[in-house]
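# Chains, contacts and geometry: an overview
Given next are the chains, with one letter for each unit.
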Amino acid sequence: MNKIEHSSELLGKKVTSSRRIRLRAQFELQSMVVPGLIFLFVFAYIPMYGVLIAFKDYNMFLGITESPWAGLIHFKEFFTDPNFVSVVRNTLAINGLNLLIGFPAPIIFALLLNEITTSKFKRFVQTISYLPHFVSWVVFGGLIITILSPTNGILNFILVELGVLSEPVNFLGEADNFWLILVSGEVIKGLGWGAIIYIAAISGVDQDMYEAATIDGAGRVQKMWYVTLPSIMGTIVIMLIFAISAILNTGFEQILVLQNPLNLETSETIDTYVYKTGLQQMRYSYSTAVGVAKSIVAVLLLLLANYASKKITDKGLF
Amino acid sequence: MIKSRGEKWFTIFNTFVMIVVMFFMVAPFWFSLVGSFNEGLDYLRGGVYFWPREFTWSNYISVFSDPTIYNAYFVTAARTILGTILHVLFTSLIAYGLSRPSLKGKSVYIIYIMVTMFFSGGLVPTYLLYRSLGLLDNFLVFIIPTMFSVWNMMILLSFFRSIPESLIESAKIDGAGEYRIFAQFVLPLSMPALAAIALFTGVGHWNSYYDTLMFTTSESLQTIQLFLMRVVTDADFAQGMSAQAANLVPEQAKKTSPETLKLAMMIATTAPILVIYPFLQRYFVKGVMIGSIKG
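Residues numbered from 1 in each chain as written. Chains lettered and ligands numbered in written order. Predicted model: local features only at pLDDT ≥ 70, side-chain atom pairs only at ≥ 80, totals over all residues. Heavy atoms only, no water.

On to the overall build of chain A. A tally of helices and strands in chain A yields 16 helices and zero strands. Relative to the 2.2 N^0.38 estimate, which gives 20 Å for 318 residues, the radius of gyration of chain A is 28 Å and therefore markedly larger than a compact globule would have. C-alpha extents for chain A along the principal axes are approximately 110 × 75 × 45 Å. Only carbon and sulfur atoms are counted for the fraction: they give 67% of the accessible area of chain A, which is about 16,900 Å². Averaging the positions of the 22 positive and the 22 negative side-chain charges in chain A gives two centres separated by 15 Å. (Helix = DSSP H or I, 4+ residues; strand = E, 2+ residues; numbered from the N terminus. Rg over C-alpha atoms; globule rule 2.2 N^0.38 Å. Areas by Shrake-Rupley, 256 points an atom, 1.4 Å probe, with all protein chains shown as cover. Lys, Arg positive; Asp, Glu negative; His and termini not counted. Charge placed at Lys NZ, Arg CZ, Asp CG, Glu CD.)

Pasting the structure below:
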């Protein structure tokens, strides 16, 4: 009897001490994670709350909570602003072109890269193609400006020498060219980097399928079309979802570098407009309302894309 | 294998396309490099593309005669080094905590974190927040808001989960606490992932001009990219730099023009990236792959 009591006492002690160890471990784990949660509360959730100023007349001295409500007046102001049509048009056009050209380009590049038979040449091309991704937009924009320069840019030099142009053109000074220049720049900068994920997907394709296709008499282009492309369709769809959900969120830095007073008509997008009205003119409530309007348009586009995708391919994002 | 005629044409076509693509990627750098080594007024006459016509170092000497550029380099280097180290430590610590099955409240935490990937406050509310925190025009604005990234955390999370549980359990039996397990076992095992993330973050810091433009005003906090941004987009600023050089190094400045100074400045800004590029290349493909497993 005595003995049994004694041993259960021991067991009890053991239980409490192992619980203490577990509690300590749990405390340590929580102490790793909680600072991150606090960080997100401050730097992500508080700004979300700050969106309220779009519906208020923000007053610096009163703060967000105390500032008087203004209803939808800032939204109305934006919709009736003379810049409204061009700003929205530019945003949609630039992002649309980016999706239309910038999305398939890396896929085509990856497919062609896969067809290079000399591995040394292939590696060389890859190394070169990643490089622009690591260069800042300021430098890359500077390079574009240099090439297109009306005084000593090489493009003007070539076009004039060939007789295509009678005299040099200030490409970036003409509003008509801006979309094309910007999107070409983005495609070149992102081509190699965007292709990595597809190259990885291609390297995972079952080699037996290629052999089977060869026996069936398929050429290289046919194999590319009927074997490689369907095999990486899953990756393509995932990347498309990412691209669509990030739509309207791309391209502030590049636009600001290439923008100048002469091309403002086609280069002013919602993001640059928010920056100018918000931080430069300090119309805090108004520019926040513009930003909110952008988010609403983005959600509508996503729903529209989803609807179209369901109609066409029977597959939707949600 | 015998190649058919069509296949041969395809190979030729493909090689041609690749060469054209590479030309478009490399040529702009080459033209700018050539221009930056050319005499300034001579460059303005045009036609200097493939090789300098009148070679000179003057553009670089003039660019580096300006003390502001050293300050800009220093600020940029400081934010890159400090920002990257803190980002990797903070983000990986959170990722490790979340990767442990014994963590309580994990599913709530994950939802709480994921929400921030889809919703954000936008520029002005962020700006107002920074102002009330005293981060505006403060060096810390480069460091603190960039300490954590949900995307990088997800990459590390999936990497940490692939570490065999038995390893961590055996360390626990030896009496190691979570922090020691993290520092002595998990971090050393995760070097490839950590290196990839450190490199991405470091390049991001070096290349960023957005936050300098938005949240700082004083010249002492100007980063190299913002300095270049002003040179590239503001003709008056480039003129000013040229005039400054004429004051500091008059002999050298005679052989420059605002245009060639701009080119030299562009190359000087990119040079550090080009120097570490070979090291970068070893890691970033791996990094993207780790990310893609998650996706």
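Residues and elements named next belong to chain B. Mapped onto the present numbering, the UniProt feature "transmembrane region" (unreviewed entry) falls at residues 12–31, 72–96, 108–127, 139–160, 181–206 and 263–280. Along residues 108–127 one finds 80% helix and 0% strand; the C-alpha atoms at either end are 29 Å apart. For residues 263–280, helix accounts for 100% and strand for 0%, while the C-alpha atoms at its two ends are 25 Å apart. (UniProt positions renumbered as here; feature names shortened; annotations may be inferred.)

In an α-helix, one full turn covers 3.6 residues, which means residues spaced three or four apart are oriented alike. Counting buried residues along helix α15 (residues 270–280) of chain A, ten of its eleven residues qualify, which places the element largely inside the surrounding structure. Of all the residues in α15 of chain A, the buried ones are Ile270, Asp271, Thr272, Tyr273, Val274, Tyr275, Lys276, Thr277, Gly278 and Leu279 of chain A. (Buried < 20%, exposed > 50% of the residue type's maximum accessible area, 1.4 Å probe, protein only.)

Attention now goes to the confidence of the model for chain A. A low pLDDT score tells you not to read the predicted coordinates there in detail. When pLDDT is averaged across chain A, the result is 87; 93% of the residues are at 70 or more. Within chain A, helix α5 (residues 104–114) of chain A carries the highest mean pLDDT (94), whereas helix α1 (residues 2–50) of chain A carries the lowest (80). (pLDDT = per-residue confidence, 0-100.)

Right, let's talk about the interface of chain B and chain A for a bit. The interface of chain B with chain A comprises 92 residues on the first partner and 79 residues on the second. A buried area of about 7,700 Å², summed over both sides, lies between chain B and chain A, and 78% of it is on carbon and sulfur atoms. Between the two partners, chain B and chain A, sit zero salt bridges. Applying the counting rule to chain B against chain A returns 23 residue pairs in polar contact (both at pLDDT 80 or more). (Contact = heavy atoms within 4.5 Å. Buried area = accessible area lost by both parts, 1.4 Å probe. Salt bridge = Lys/Arg side-chain N within 4 Å of Asp/Glu carboxyl O. Polar contact = N/O pair within 3.5 Å; in protein donor to acceptor, adjacent residues only side chain to side chain.)

All names here are of chain A. In total, this model carries 39 aromatic pairs over all chains according to the counting rule given. Pairing Phe252 with Tyr275 gives two aromatic rings, centres 5.8 Å apart and planes at 85 degrees, and the pair type is edge-to-face. Of the two residues, Phe252 is situated in the loop between α12 (233–245) and α13 (253–258) and Tyr275 in helix α15; the sequence distance between them amounts to 23 residues. Neither Phe252 nor Tyr275 differs from the other in exposure class; each is buried. It is Lys56 that lies over the ring of Trp69; its NZ or CZ is 4.5 Å from the centre. Positioned above the aromatic ring of Tyr286 is the side chain of Arg283, whose terminal nitrogen or guanidinium carbon lies 4.1 Å from the ring centre. (Phe/Tyr/Trp six-rings, centres within 6.5 Å; stacked < 30°, edge-to-face > 60°. Lys NZ or Arg CZ within 6 Å of the ring centre and 35° of its normal.)

Between the side-chain oxygen of the N-cap and the backbone nitrogen of Asp208 of chain A there are 3.2 Å, and the N-cap of helix α10 (residues 207–215) of chain A in question is Asp206 of chain A. Trailing α10 of chain A by a residue or two, Gly217 of chain A shows a phi angle of about 90 degrees, which is positive.

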